[in-house]
Amino acid sequence: EKADPDNLVYRNTLVKPYTNLVNLVTAQNPLSDDLPKLWERRADNVRKLAAAYPKAPAVQSQTGFTVEDMAAWLRERRRLPEARDALKQAVAYQQAAVDLAPQQKGYRSMLCDESLALVETQLALNDRAGAADAVAELNKAKPAGWPGKPDVADRLKTVQDQLK
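Residue indices begin from 1 for each chain and proceed along its sequence in written order. Note on the predicted model: pLDDT of at least 70 is required for a residue's local features to be given, and 80 or more for side-chain atom pairs to be given and counted; whole-chain, interface and lining totals, by contrast, use all residues. Only hydrogens and water are removed before side-chain values are computed, so all heavy atoms of the structure are retained for them.

**Describing the overall build of the chain**
Thought 1: Secondary structure follows DSSP: runs of H or I at least 4 residues long count as helices, runs of E at least 2 residues long count as strands, and numbering of each begins at the N terminus. When you go through the chain residue by residue, the secondary structure sums to 7 helices and 0 strands.
Thought 2: Ordering the α and β elements of the chain from the N terminus gives α-α-α-α-α-α-α.
Thought 3: Both definitions apply: the radius of gyration is a C-alpha atom measure, and the globule rule equals 2.2 Å times residues to the power 0.38. Over its C-alpha atoms the chain spans a radius of gyration of 17 Å, differing by no more than 12% from the 15 Å that the globule rule assigns to 164 residues.
Thought 4: With the C-alpha coordinates aligned to their principal axes, the bounding extent of the chain is approximately 60 × 40 × 25 Å.
Thought 5: Residues classed as buried in the chain amount to 39% of the 164 residues present.
Thought 6: Between two residues, a contact is recorded if the distance between any of their heavy atoms is within 4.5 Å. For the chain, long-range pairs separated by at least 24 residues make up 59% of all intrachain contacts whose partners lie at least 6 apart in sequence. Classification of residues uses two cut-offs on accessible area relative to the type maximum, computed with a 1.4 Å probe and protein chains only: under 20% is buried, over 50% is exposed, and between them is partly exposed.

**Description of the nonpolar core**
Thought 1: Nonpolar cores are built from buried Ala, Val, Leu, Ile, Met, Phe, Trp, Tyr and Cys residues. Side-chain atoms within 4.5 Å join them into one set. In this structure, L116, V119 and W146 are the most contacted members of the largest nonpolar core, which totals 43 residues.
Thought 2: With near-sequence residues (within four places) excluded, W146 lies in contact with S109, C112, D113, L116, L138, V152 and L156.

**Quick word on the environment of D133**
Thought 1: Residue position: D133 is located in helix 6 (residues 128-141).
Thought 2: For D133, a relative accessible area of 53% translates into the label exposed.
Thought 3: Sequence separation between D133 and Q122 is 11 residues; the distance between their C-alpha atoms is 10 Å.

**Observations concerning helix 5 (residues 105-124)**
Thought 1: Under the convention used throughout, the expected extent of a helix is 1.5 Å for every residue step, that is, one less than its residue count. Over its 20 residues, helix 5 extends 29 Å from the first C-alpha to the last, a length consistent with the 28 Å expected when each residue adds 1.5 Å.
Thought 2: Phi turns positive, to about 60 degrees, at N126, one or two residues after helix 5.

**A word on the pattern of salt bridges**
Thought 1: The salt bridge definition used is simple: a Lys or Arg side-chain nitrogen within 4 Å of an Asp or Glu carboxyl oxygen. Taken as a whole and judged by the stated rule, the model has 12 salt bridges.
Thought 2: When the shortest N-O distance is used, the salt bridge between D34 and K37 registers 3.4 Å.
Thought 3: Take D34: its relative accessible area is 40%, and that puts it in the partly exposed class.
Thought 4: Of the residues examined, K37 reaches a relative accessible area of 46% and is grouped as partly exposed.
Thought 5: In this structure, R79 and E82 form a salt bridge, with 2.7 Å as the shortest nitrogen-oxygen distance.
Thought 6: Overall, the relative accessible area of 26% leaves R79 in the partly exposed class.
Thought 7: One connected set of salt bridges, linked through shared partners, spans E40, D44 and R47.

**Details of the side chain of S61**
Thought 1: With respect to the helices, strands and loops of the structure, S61 is situated in helix 3 (residues 57-76).
Thought 2: Residue classification places S61 among the buried positions, given a relative accessible area of 4%.

**Focus: the environment of R128**
Thought 1: With respect to the helices and strands, R128 occurs in helix 6.
Thought 2: The exposure class of R128 is partly exposed, given its relative accessible area of 41%.
Thought 3: A sequence separation of 34 residues divides R128 from Q162, and the C-alpha atoms of the two residues are 8.9 Å apart.
Thought 4: When near neighbours in sequence (up to four residues on either side) are disregarded, R128 contacts L123, Q162, L163 and K164.
Thought 5: The term polar contact refers here to a pair of N or O atoms within 3.5 Å; inside protein, the definition further demands a hydrogen-donor-capable atom paired with an acceptor-capable atom, and it admits residues adjacent in sequence only when both atoms are side-chain atoms. Here the side chain of R128 touches Q162 through a polar contact of 2.6 Å, landing on its backbone oxygen.

**Some words on the confidence of the model for the chain**
Thought 1: Here the chain averages 87 in pLDDT, and 95% of its residues register 70 or above.
Thought 2: At the low end of the mean pLDDT range in the chain sits helix 1 (residues 8-28), at 78; at the high end sits helix 4 (residues 80-100), at 97. Each residue carries a pLDDT score, the predictor's own confidence in it, on a scale running from 0 to 100.

In structure tokens, the structure reads:
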């Protein structure tokens, strides 16, 4: 029997192998030439999942989280323009999750975390205007008590100081 590509479980089974493969190759050879392709395939699969389920906040949020994960990998390799683009996508997916389920505080916190990573990346690229815009959006989105972690609060203070 042929698998149904419109089925959420089926789509999810396409994402998991790439996640495992990225983790395995990263652990065995973090400098592998195959890693950029594997990260992009992983991200493409979650983007397809999000496109297939535009009204599912959990899918949108997971897509944002996965694309942000790829952006972190890109940042570590100093591929900042690509990381910025991925972070913009991650923020958009997380915003979609917030719009679909505004009562879910976790989505809003993840939106702020990904927005902060975007601000840091824009500052690293000397894009102060883009960073200032992202901080303004972050300030609109942040839930009460965010950031709850001292390290995140320190990062937020650092970027705010840089923008003064």
